[in-house]
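# Close look at the chain arrangement
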Amino acid sequence: MPEAETTELRVMPPRLPSWLSRAVAPLPLAPLQPALALMLARIGRAHPELYDRLGEHAEKRFGIDPTDLPFAFVLEPRPARPLARAVRTLPGGLDASIHGPLAGLIGMAEGTLDGDALFFSRVLRVEGDVAASLALRNAIDDARIDFGKLLLGSFGPLGARLADAVRERMRALPVAGGSSWN
Amino acid sequence: MELICPAGTPASLEAAVEAGADAVYCGFRDETNARNFPGLNFSREELKKGIAFAHRHGVKVLVAINTFARAGSFGLWQAAIDAAAAAGADALILADLATLDYAARRHPAQRLHVSVQAGAANPDAIRFYAESFGARRVVLPRVLNVMEIASIARESACETEVFVFGGLCVMEEGRCSLSSYATGQSPNMNGVCSPASHVAYAERDGRITSTLGGFTINSFGKGEPAGYPTLCKGRFASPKSSGYLFEEPVSLDAAVMLPALREAGVTALKIEGRQRGRAYIAGVVRSFRGILAALDEGRQVQTPGLAAMAEGQASTVGAYRKGWR
């Protein structure tokens, strides 16, 4: 029989250290683009069911904004010609954008953190088409993608450094607050 | 007591099974179930596979077809009932009299549960469902305190199931039209409360404002925990003050009530949250499985800290302990 749970569930993801953000800021984004394209193609091949869940929202343009990194990502999951690219700032005209610390976005994508709980705690912010954002969140949650490995492991020494920083901080997650109403 | 756990996707179903669910409830990817959200729910094939997975682990699957059939489109609800029965569902969770009647006639061997959406809150209503359709279990609406539940369980013609964690409605189960006023869609008819397609968030200087169908629902200051953009949990402003009229953004957490609910004769405990991610489902189900294990072994129940998972990061025992009476 399992022991009675007595510990708080943890939902507060850490932020990357500011020195890391400053260190990667001057780096060119061009080398990231082929790795992102490769990563997206792998995901599409390995998880075709993801497009079923996205439905009409697969044709939309999403902005993914890790708020503790000096760059963001534009994602167009359309099955015929998926596209992902790194940008310094998110462009206008996106259908939806999701903003939060990198560890929160990865934790949510990997299913270790709950998106609604991140929203309740104000860690995560959504702008634009909320239905499209929900569809993307639910599709990715169901696909069980190892994003940490895919996203960070694909970018060589820089990715390895980021992965180490995220994992180190995740080990010492703070607990979100809470109160009883009655 | 059985632990009944939510699943919005096949991955969530597996997470619930692995975390210790006795049964998992889920629905089809259409308006026949009350969590008809983008990217959520099961295809016919996914349900079959999900049921096979659950059964391999000794876990039941209950299929919620618990919206009210739209006039002229009853075929959609009939097809859902037929598909769930064919897939080997352990029970169907129904609310509409027409769906209950169809399921009882067409699939007489199929176990039927009365959804919370039916709002069956007294022994006479429950007896009607049991005698008319052979319903074996009723999910009680979240309007009853523990003494009332005990009274119903004693007199009830079938098993009782109660919610113990997750989102709360304003105690008008199956009859709430607030979402319809703002969007034209309701959980009762369309399976979706405050549809995401009608929701917008705007952020300015750390303050986030949520709107539904163009109506401002709430505005949360910097760092203030947020809630769902539903009218029932809207913060209403008058020239003199602002505040919550119907309900505050909080979630139900009845973990402390489990000993009393067991004493009351409740058969099953339900966790709300088919719209939530795998992390919520695994964490909450594992926590309640731990509490039930402690109860079974006569150990002192230590309630888990689940407020971080709750709407508004705050919890309530709801109507189970009615302090306002």
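Scroll up for the structure.
What you are looking at is a predicted structure, and each value in this text was computed from that prediction instead of being measured. (Residues numbered from 1 in each chain as written. Chains lettered and ligands numbered in written order. Predicted model: local features only at pLDDT ≥ 70, side-chain atom pairs only at ≥ 80, totals over all residues.)

### Digging into the sheet that holds strand 8 (residues 199-204) of chain B
Strand pairing in a sheet is mediated by backbone hydrogen bonds. Such pairs are either parallel or antiparallel. All names here are of chain B. Read across the sheet, 3 strands follow the order 8-9-10 without closing on themselves; strand pairing throughout is antiparallel. Looking along the sheet, the strands with just one partner apiece sit at the ends: strand 8 and strand 10 (215-220). On average, each strand axis in the sheet is inclined to that of its neighbour by 20 degrees, with strand direction left out of account. For strand 8 and strand 9 (residues 207-212), the ladder comprises 6 bridges, and the chain directions are antiparallel. Looking at strand 9, one finds that Tyr 201 is bridged to Ser 210. (Pairing = 2+ DSSP bridges. Helix = DSSP H or I, 4+ residues; strand = E, 2+ residues; numbered from the N terminus. Axes fitted to C-alpha atoms, helices over the stretch in contact; angles between N-to-C directions.)

### Overview of the sheet that holds strand 3 (residues 83-87) of chain A
Residues and elements named next belong to chain A. Sheet architecture is open: 5 strands sit in the order 3-2-1-4-5, paired in mixed fashion. Unpaired on one side and paired on the other, strand 3 and strand 5 (125-128) mark the two borders of the sheet. Across this sheet, the average inter-strand angle for adjacent strands is 15 degrees, counted without regard to direction. With 5 bridges joining them, strand 2 (residues 72-76) and strand 3 adopt antiparallel strand pairing. In the strand pairing of strand 3, Leu 75 is matched with Ala 84. Where helix 6 (residues 130-143) meets the sheet, its contacts fall on strand 1 (62-66), strand 4 (96-100) and strand 5, and the angle it forms with strand 4 comes to roughly 60 degrees. (Contact = placed C-beta atoms within 7 Å.)

### Digging into helix 4 (residues 97-106) of chain B
Residues and elements named next belong to chain B. Here helix 4 has its buried residues at Thr 99, Leu 100 and Ala 103. For helix 4, the buried positions fall inside an angular range of 100 degrees around the axis, keeping them on one side. Summarising the geometry of helix 4, the exposed residues directed more than 90 degrees from the buried face are Arg 105 and Arg 106. Along its buried surface, helix 4 packs onto strand 3 (60-65), helix 3 (74-87), strand 4 (91-94), strand 5 (112-114) and helix 5 (123-133). (Buried ≥ 20, exposed ≤ 12 C-beta atoms within 10 Å, placed from the backbone. Arc of directions from axis to C-beta.)

### Topic: the pairing of strand 10 of chain B
Residues and elements named next belong to chain B. Note: strand 9 against strand 10, 5 bridges, orientation antiparallel. The residue of strand 10 that forms the bridge with Thr 209 is Ser 219. Adjacent in sequence and paired antiparallel, strand 9 and strand 10 are bridged by 2 residues, among which Gly 213 carries a positive phi angle near 55 degrees.

### Points about unusual backbone geometry
Positive phi outside glycine occurs at Arg 122 of chain A, with the angle close to 70 degrees. Inspection of the secondary structure puts Arg 122 of chain A in the loop between helix 5 (115-120) and strand 5. Within the chain, Gln 313 of chain B stands out as a residue other than glycine whose phi angle is a positive 50 degrees. Examined against the element boundaries, Gln 313 of chain B turns out to sit in the loop between helix 10 (278-296) and strand 15 (314-316).

### Topic: the nonpolar core
Residue and element names in this part refer to chain B. One finds Ala 16, Val 24, Val 63, Leu 92 and Val 285 to be the most contacted residues of the largest nonpolar core, which totals 154 residues. For this core, the leading source of residues is helix 10, giving 10 residues. Residues lining this core come from more than one domain, with at least three contributed by each of domain 1 (2-168 + 250-320) and domain 2 (178-244). Aside from chain neighbours lying at most four places away, what touches Val 63 is Cys 26, Gly 27, Leu 47, Ala 84, Ala 89, Leu 92 and Ile 93. (Core = buried A, V, L, I, M, F, W, Y, C linked by C-beta atoms within 7 Å. Domains from an automatic or database assignment.)

Honestly, that's just the spatial picture; any functional story needs more than this.
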